[in-house]
Amino acid sequence: MSSIYNYASVSEALKQLKINGYTYDFNLNPEDIVLHPENYTINEIYQYEGNSGTGDRSAVYGIKNKFGLKGVFVTGTSANSTDKNASILAKVSIKNANEPYM
């Protein structure tokens, strides 16, 4: 399983991913992920739960494409909305997804 971390905020997760070399923002141009999910791998997942509880969640993904481009993709949901960004990642593979999570 890919590494899953919990941080105090989305900005903290983005800061850590930037340190790890994930500098591109895939949210700005998600079309290639939608059209060619086989070219992408989720390497890191950062989760954040807001003050209002489980209805206010965000996830920040560290993604790498087969050409070496490393970037981030942010999804979020609240109790009364759905996030189309989460569905974009539905077909993207997760690095080491078949290994047991520790």
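Chemist: What should I look at first to understand the overall build of the protein chain in this one?
Modeler: When helices and strands are counted, the protein chain shows 3 helices and 6 strands. Secondary structure elements of the protein chain occur, N-terminal to C-terminal, as β-α-β-α-β-β-β-α-β. Relative to its full complement of 102 residues, the protein chain shows a buried share of 32%. Intrachain contacts of the protein chain at a sequence separation of at least 6 include 60% that bridge at least 24 residues. With an accessible surface of roughly 6400 Å², the protein chain has 51% of that area assigned to carbon and sulfur atoms.

Chemist: When you look at the nonpolar core in this model, what are you seeing that I'm missing?
Modeler: One broad trend across soluble globular proteins is that nonpolar side chains are buried collectively. Counting 12 residues, the largest nonpolar core is built from Phe26, Ile33, Tyr40, Ile42, Ile45, Ala59, Tyr61, Ile63, Phe73, Ile88, Leu89 and Val92. Only β3 (40-49) and β4 (57-65) provide two or more residues apiece to this core. Leave out the neighbours within four places in its chain, and Val92 touches Ile33, Pro37, Tyr40, Thr41 and Ile42.

Chemist: I'm lost on the pairing of β3 in this one. Help?
Modeler: Each regular strand shows side chains that alternate between the opposite faces of the sheet. One ladder, built from 9 bridges, connects β3 with β4; its direction is antiparallel. Paired with Tyr48 across the strands is Ser58, a residue of β4. Bridge analysis of β3 against strand β6 (residues 93-94) gives 2 bridges, and the strand direction is parallel. Within the sheet, the bridge partner assigned to Thr41 lies in β6 and is Ser93.

Chemist: Would you explain the pattern of salt bridges in this entry?
Modeler: When the charged atoms of two side chains lie near each other, side chains of opposite charge can form a pair. Overall, the coordinates contain 1 salt bridge when judged by the stated rule. Here Lys15 ties to Glu12 by a salt bridge, and the two come within 3.6 Å at their closest N and O atoms. You can see Lys15 and its partner Glu12 sitting in helix α1 (residues 10-19), 3 residues apart, about one turn around the helix. Using a relative accessible area of 48% as the deciding quantity, one classes Lys15 as partly exposed.

Chemist: What's the story with the packing of aromatic side chains in this structure? I'm lost.
Modeler: Aromatic rings considered in pairs are described by the distance between their centres and by the relative angle of their planes. A full pass over the atoms with the stated rule returns 2 aromatic pairs. Residues Tyr24 and Phe26 carry aromatic rings whose centres are separated by 5.0 Å and whose planes lie at 70° to one another, so their mutual orientation is edge-to-face. The partly exposed category is assigned to Tyr24, whose relative accessible area is 29%. With a relative accessible area of 2%, Phe26 lands in the buried category. Counting every residue linked through ring pairs, the aromatic cluster contains Tyr24, Phe26 and Tyr40. Positioned above the aromatic ring of Tyr22 is the side chain of Lys70, whose terminal nitrogen or guanidinium carbon lies 4.5 Å from the ring centre.

Chemist: Whenever I open this one, the confidence of the model for the protein chain confuses me. Can you help?
Modeler: If pLDDT is low for a region, its predicted coordinates should not be looked at in detail. Overall, the predicted model of the protein chain reaches an average pLDDT of 80, with 72% of residues at or above 70. Taken element by element, the protein chain is modelled with least confidence in strand β1 (residues 3-6), mean pLDDT 60, and with most confidence in strand β2 (residues 24-25), mean pLDDT 96. Overall, residues 98-102 carries pLDDT values under 50, and its contacts beyond four positions in sequence, including any with other chains, amount to 5 contacts.

Conventions used here
- Residues numbered from 1 in each chain as written.
- Predicted model: local features only at pLDDT ≥ 70, side-chain atom pairs only at ≥ 80, totals over all residues.
- Heavy atoms only, no water.
- Helix = DSSP H or I, 4+ residues; strand = E, 2+ residues; numbered from the N terminus.
- Buried < 20%, exposed > 50% of the residue type's maximum accessible area, 1.4 Å probe, protein only.
- Contact = heavy atoms within 4.5 Å.
- Areas by Shrake-Rupley, 256 points an atom, 1.4 Å probe, with all protein chains shown as cover.
- Core = buried A, V, L, I, M, F, W, Y, C linked by side-chain atoms within 4.5 Å.
- Pairing = 2+ DSSP bridges.
- Salt bridge = Lys/Arg side-chain N within 4 Å of Asp/Glu carboxyl O.
- Phe/Tyr/Trp six-rings, centres within 6.5 Å; stacked < 30°, edge-to-face > 60°.
- Lys NZ or Arg CZ within 6 Å of the ring centre and 35° of its normal.
- pLDDT = per-residue confidence, 0-100.

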